[in-house]
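Residues per chain, in single letters:
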Number of protein chains: 2
Amino acid sequence: MNIHSTEISSAQTDPGSKRELIIHATIKLISEYGFHGTPISMIAHEAGVGAGTIYRYFKDKDTLVLDIFKVVNCAFKQTLLHGYDANQTIRDRFLHLCRGIFQYGIQNPYEFKFIEQFYNSPYGTSLRREKLFCNCGDTGQDLPLEQVFAAGQAQQVIKELPQAALIALAIGPIVFLVKDSIAGLIQLDQTTINNTLAACWDAIQQETGNNRQPVITPSSPSTDKKP
Amino acid sequence: MNIHSTEISSAQTDPGSKRELIIHATIKLISEYGFHGTPISMIAHEAGVGAGTIYRYFKDKDTLVLDIFKVVNCAFKQTLLHGYDANQTIRDRFLHLCRGIFQYGIQNPYEFKFIEQFYNSPYGTSLRREKLFCNCGDTGQDLPLEQVFAAGQAQQVIKELPQAALIALAIGPIVFLVKDSIAGLIQLDQTTINNTLAACWDAIQQETGNNRQPVITPSSPSTDKKP
DNA sequence: ACAGGCGGAATGAACATTCACTCCACAGAA
DNA sequence: TTCTGTGGAGTGAATGTTCATTCCGCCTGT
């Protein structure tokens, strides 16, 4: 068997093995310095292995990072689905998923920043464009958050905005805040998290009527491109 | 006079000059590939100048990027303040600033991603931590968005959340959406922008009473760290 | 002719990757 | 049990490449 295969064996999940040491060192360093900012020599040093050892487990630096991303991204998604109940209300399902992102980010700062880095890299965006990034066991269909939005819009509980905008309104603030937390710029307590999650819900929920204010454009007349 | 000084002279703002060509090439490439991902040779080629020429205008690669960041970041802030009226309502001032970010990002995708990259780099976060990043003519005081939040909280128009959370709720979705737009994943029309801005306001505004729902924590009992 | 901006080859440092070697666990012979 | 041969994990110096930076000669305007 080729040792470079991505098949999961006991040797590949045993913590303390060279392979796991390399993976953790890579996640930690790349989350901080980025792909091009972390030489193999630095990874080897952080992992406490020889540089050559890394090439016993991974074909090259690209493969190393790509393989790790797949594993970390899948684990992240699995975490979100833990305890997820499709029979709950739209709001509760939404809060469950968003809270999951929050908690994952706080508990796994290196993995969180690693995923972030990857998604914002040229490779990440091309993956996202081709929708190839969701083959971790799920069938390539919509993410649960997108299902919640679709269901919520059908029930007129969630605003009629493009999916991308809803995702931005939900995830954007969380990613922003978690990054600040990881950077040590703020200290997140449970109350702030709860209130922020509630605010995210306020952003996407469809109000039932009364005093909705229109958004007027004061300066620019109308710069629509495609109506 | 030292040519490496950051003082602004006519030679430094004339578009079409070697210096400007280098700056624009750097912004474009670094916004796409990041600092370590863009060699000087690539910048020289993109700018259509010799590699050595870059060192006639900038001491080294670090200085090049840092100098550009200062200029771009200041220009960005100036754009936001254009047409800003401190006598408007909290909501209108908020929308003005957020709309400005949106428009700046769409009209200046390279500069936008460049700023993003920088803020998320180790250098950027340390700058943010030390609050040194706002010396572009302003007096180092709070950003206008923070002033709006403070005033809004005093008037009980804006939620009692930490400033960092309010900023995340306001800017997070916009950054998220603009990045998707730049990556070509979505097409932003003015209606979507308006509705997203309104949703951002919904996220931070203090509701006047009635049916506020509490956010309950289903699984975790209470993981507060500092009450 | 000459001063200085400019390009790009030259330079040395840092990098990704390779490879000849060491070390160790274990199987089989004695 | 002890000795010995073997295979494969592990190593880090060696290799060739790429990078940031320097330097020198060309070329243009005066």
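Heads up: the structure comes first, above all this text.
Residues numbered from 1 in each chain as written. Chains lettered and ligands numbered in written order. Predicted model: local features only at pLDDT ≥ 70, side-chain atom pairs only at ≥ 80, totals over all residues. Heavy atoms only, no water.

## Some points on the packing of helix H7 (residues 109-120) of chain A against helix H10 (residues 163-182) of chain A
Residues and elements named next belong to chain A.
Stage number 1. Closest axis-to-axis distance for the H7/H10 pair is 11 Å, and the angle between their directions is 130°. Taken together, the axis directions place H7 and H10 in an arrangement best described as oblique. The way H7 lies across H10 gives a crossing that is left-handed. Contact residues: Pro109, Phe112, Lys113 and Glu116 in H7; Val175, Val178, Lys179 and Ile182 in H10.
Stage number 2. Split by residue class, the contact of H7 with H10 holds five nonpolar, no polar and three charged. (Axes fitted to C-alpha atoms, helices over the stretch in contact; angles between N-to-C directions. Helix = DSSP H or I, 4+ residues; strand = E, 2+ residues; numbered from the N terminus. Parallel < 35°, antiparallel > 145°, perpendicular 65-115°, else oblique. Left-handed = near helix turned anticlockwise from the far one by under 90°. Contact = heavy atoms within 4.5 Å. Nonpolar A, V, L, I, M, F, W, Y, C, P; charged D, E, K, R; others polar.)

## Some remarks on the interface of chain B and chain A
Stage number 1. With 60 residues of chain B in contact, the opposing surface of chain A contributes 60 residues.
Stage number 2. Summed over the shared surface of chain B and chain A, the number is four salt bridges.
Stage number 3. Lysine 159 of chain B is the salt-bridge partner of aspartate 202 of chain A, the closest N and O atoms lying 2.6 Å from each other.
Stage number 4. At the boundary of chain B and chain A, one finds six residue pairs in polar contact (both at pLDDT 80 or more).
Stage number 5. For the side of chain B that touches chain A, the secondary structure elements donating two or more residues are helix H2 (18-33), helix H6 (90-107), helix H8 (122-130), helix H10 (163-182) and helix H11 (190-204) of chain B.
Stage number 6. The element that contributes the greatest number of residues to the side of chain B that touches chain A is H10 of chain B, accounting for 12 residues. (Salt bridge = Lys/Arg side-chain N within 4 Å of Asp/Glu carboxyl O. Polar contact = N/O pair within 3.5 Å; in protein donor to acceptor, adjacent residues only side chain to side chain.)

## Concerning the relation of the copies chain B and chain A
Stage number 1. With an axial shift of 0.0 Å and an RMSD of 0.1 Å, the rotation relating chain B to chain A amounts to 180°. Taken together, the turn and the small shift mark the pair as related by a two-fold rotation axis.
Stage number 2. A shared interface surface links the copies, since 100% of the contact residues of chain B are contact residues in chain A too. (Least-squares fit on C-alpha atoms with pLDDT ≥ 70 in both.)

## With respect to helix H7 (residues 109-120) of chain B
Stage number 1. Compared with an ideal rise of 1.5 Å per residue, which puts 12 residues at 16 Å, H7 of chain B spans 16 Å between its outermost C-alpha atoms and is within 8% of the ideal.
Stage number 2. Buried residues belonging to H7 of chain B abut H2, helix H5 (61-81), H6, H8 and H10 of chain B. (Expected span 1.5 Å × (residues − 1).)

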